[in-house]
Structures are given as structure tokens and as C-alpha cells.
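Coordinate analysis (summary)
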Amino acid sequence: GQNIDQPTEMTATEGAIVQINCTYQTSGFNGLFWYQQHAGEAPTFLSYNVLDGLEEKGRFSSFLSRSKGYSYLLLKELQMKDSASYLCAPISGDYKLSFGAGTTVTVRA
Amino acid sequence: GAVVSQHPSRVICKSGTSVKIECRSLDFQATTMFWYRQFPKKSLMLMATSNEGSKATYEQGVEKDKFLINHASLTLSTLTVTSAHPEDSSFYICSATTGTSGYNEQFFGPGTRLTVL
């Protein structure tokens, strides 16, 4: 199987910035997705990285370092609706998606 | 954007019965569909990969006779949990992609909550 490590929980206040780190070990690598999942709902796509560097999309940015097996998701200007679980999902050499256990972010007023 | 639906959203059944879950891509043709299950506060675990017109590929540890998958058309895949038992209670999520592998973005259905009594 694949090893994916991300923190279990993070808490921040509204308007703040949160960085969710993810380290992974996969058999081969074909990119990495970040998904957002609200309780009882299906995951929704946030970002995709395949090259090293930072991809910015509005309030959300994602960074990848292939050599280090490391990615992070940066959430800026946190809003209450950002309270959710964030899933790191690398794609292995056989093009299968593996999911981390998710990081539950709680945004407080 | 691409929309994937699942039916039913919730199902409660008695132990020993079979349950069928449908996954449909509403506005695109899905070459490949994936089935996942998720336990509370756990990650999604890939159960099988389904390509239209061919047999599903199951992940290690997933019983193919227990979880029957049929991908009859480019817009429909079904998962049948046969002779369900309480330990099969879980959140089942399907996803669909226009590519032939997970390399392409997967669009997820809303999930089906199965409770086996």
C-alpha cells in the first residue's frame, strides 16, 4: 500500500491562515490531488500538482516537492465554511489514487 | 461541471439481504468508475476500478463475490453488496473519470450510507 501522513486535526480563527502538510511514499508518482470533504458528503476537488512548486487558486494554494515526497495545502482568509476535512491524495505509478486519513480543520469565530 | 449521482443516498437493510447501489455520470461519459468505502473518520479506501464493458479490477482484500460490480454503459456502474452483514455498514462513494486511469480528475458522487441491521 501507500504511506500518506497528514495531521489529524487543526484549529484556527476566522481570517487566519492554515497550512496542512502531507508526506507520502508511493510506488511511482503521477501527481497529487487535494480534496475537501464535509461530514457525510463526498470529496470535492481543490487542486492538482504534478510539477514541483506552488499552484495558487484564489484563497487556496498547494505546493509540491517530488524529491521530498511532500505537499502542503495553504488556506488563506479562513471562513467558517472552510471547516471540513482535507484529504491528500497522491497518484501512484499505476495511476491509482490513494487517500490520506484527512485533516479536520475547525474554524472558530 | 461534471456531475455524478448515486442512488440511494441512504439504505437500511436486514442482515443477509443484498443491496444495489447505482452510480451515474449525468453530463459526461465515464470511461472508468471507481468504488470506495469510508469508515467514520477514516480515509477513503479504493475497493475496485470499473471500466465500461470489462470486468472490474478489485483491490487486494476486497471479495469480488461479495461486492459485485457491473459497468454496463458509459454512464452507469452498479455495486451490489451481496448477503450484507453489519460489518458491511459503511459510506460507499463512487467516482467517475473520462480517462482510463486515476490520472484524470475524478468526479465523486454524493455517497451512499449503508446500514445493515
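Residues numbered from 1 in each chain as written. Chains lettered and ligands numbered in written order. Predicted model: local features only at pLDDT ≥ 70, side-chain atom pairs only at ≥ 80, totals over all residues. Heavy atoms only, no water.

1. A short note on the overall build of chain B
Quick note on the threshold: Under the DSSP-based scheme used, a helix requires at least four consecutive residues in state H or I and a strand at least two consecutive residues in state E, with every element numbered from the N terminus. Exposure is judged per residue with a 1.4 Å probe applied to protein chains only, and the accessible area is read against the type maximum: over 50% gives exposed, under 20% gives buried, and values in between give partly exposed. In what follows, residue pairs with any heavy atoms lying within 4.5 Å of each other are defined as contacts. All accessible-area figures derive from a Shrake-Rupley calculation using a 1.4 Å probe, and residue coverage is judged against the displayed protein chains alone.
A count of helical and extended segments in chain B gives zero helices and 11 strands. In sequence order, chain B lays out its α and β elements as β-β-β-β-β-β-β-β-β-β-β. Summarising its shape, the C-alpha atoms of chain B cover approximately 35 × 25 × 25 Å along the three principal directions. Here chain B, with 117 residues, has 50% of them falling under the buried criterion. For chain B, contacts bridging at least 24 residues in sequence account for 56% of all contacts bridging at least 6. For chain B, the exposed area adds up to about 5800 Å²; of that, 52% sits on carbon and sulfur atoms.

2. Topic: the nonpolar core
What counts here: Take the buried Ala, Val, Leu, Ile, Met, Phe, Trp, Tyr and Cys residues and link them wherever side-chain atoms come within 4.5 Å; each set so joined is a nonpolar core.
Core analysis: the biggest nonpolar cluster contains 24 residues, and Trp-35, Phe-67, Ile-69, Leu-79, Tyr-92 and Leu-114 of chain B have the highest contact counts within it. Elements represented by at least two residues in this core include exactly β2 (10-13), β3 (19-25), β4 (32-38), β5 (44-51), β7 (67-73), β8 (76-81), β9 (90-97) and β11 (112-116) of chain B. With 20 residues, the next largest nonpolar core counts Trp-34, Leu-78, Ala-84 and Tyr-86 of chain A among its residues.

3. A word on the environment of His-7 of chain B
Residues and elements named next belong to chain B. Mapped onto the elements of the fold, His-7 is located in strand β1 (residues 4-7). Using a relative accessible area of 53% as the deciding quantity, one classes His-7 as exposed. Measuring from C-alpha to C-alpha, the distance between His-7 and Gly-109 comes to 9.4 Å, with 102 residues separating the pair along the chain. With near-sequence residues (within four places) excluded, His-7 lies in contact with Lys-20, Ile-21 and Glu-22.

4. A short note on the pairing of strand β5 (residues 44-49) of chain A
Residue and element names in this part refer to chain A. Our working rule: Two strands are said to pair when DSSP picks up at least two bridges between them.
Sheet topology places strand β4 (residues 32-37) next to β5; five bridges connect them, and they run antiparallel. If you follow Leu-32 over to β5, its bridge partner there is Asn-49. A loop of six residues connects β4 with β5, the two strands running antiparallel in sequence, and Gly-40 in this loop sits at a positive phi of about 75°.

5. Concerning unusual backbone geometry
Here the bond from His-7 of chain B into Pro-8 of chain B is cis, since omega is 0°, no more than 30 degrees from zero. One non-glycine residue, Glu-77 of chain A, lies in the positive phi region at around 45°. The topology assignment puts Glu-77 of chain A in the loop between β8 (70-75) and β9 (84-90). For Glu-77 of chain A, a relative accessible area of 53% translates into the label exposed. Located in the positive-phi region is Ser-83 of chain B, a residue other than glycine, with phi close to 45°. Relative accessible area serves as the criterion here: at 33%, Ser-83 of chain B is assigned to the partly exposed category.

6. Section: the side chain of Ser-85 of chain A
Considering the arrangement of structural elements, one finds Ser-85 of chain A in strand β9. When near neighbours in sequence (up to four residues on either side) are disregarded, Ser-85 of chain A contacts Tyr-35, Gln-36, Gln-37, Gly-102, Thr-103 and Thr-104 of chain A.

7. Looking at the interface of chain A and chain B
Just so we agree on the cut-off: Throughout, buried area stands for the accessible area (probe radius 1.4 Å) lost by two parts on being put together, summed over both. Note on definitions: salt bridges are taken to be side-chain nitrogens of Lys or Arg within 4 Å of carboxyl oxygens of Asp or Glu. Identification of polar contacts relies on pairs of N or O atoms within 3.5 Å, with a donor-acceptor requirement for protein atoms, meaning one able to donate a hydrogen and the other able to accept it, and with residues adjacent in sequence counted only if both atoms are side-chain atoms. Residue type decides the class: Asp, Glu, Lys and Arg count as charged, Ala, Val, Leu, Ile, Met, Phe, Trp, Tyr, Cys and Pro as nonpolar, and the leftover types, Gly among them, as polar.
Counting from both sides, the interface comprises 18 residues of chain A and, opposite them, 19 residues of chain B. Carbon and sulfur atoms make up 61% of the area that chain A and chain B hide from each other, which totals about 1500 Å². Its largest share of buried area at the contact with chain B, chain A owes to Tyr-95, Lys-96 and Phe-99 of chain A, together 32% of the area lost on that side. At the boundary of chain A with chain B, the tally comes to one salt bridge. The salt bridge partner of Glu-59 of chain B is Lys-96 of chain A, with a shortest N-O separation of 2.7 Å. Taken together, the links from chain A to chain B amount to three residue pairs in polar contact (both at pLDDT 80 or more). Those elements that place two or more of their residues in the side of chain A that touches chain B are β4 and β5 of chain A. For the side of chain A that touches chain B, the element with the most residues is β4 of chain A, which contributes three residues. Here the side of chain A that touches chain B is built from residues that sort into 12 nonpolar, four polar and two charged.

All we've got here are geometric facts, nothing functional implied.
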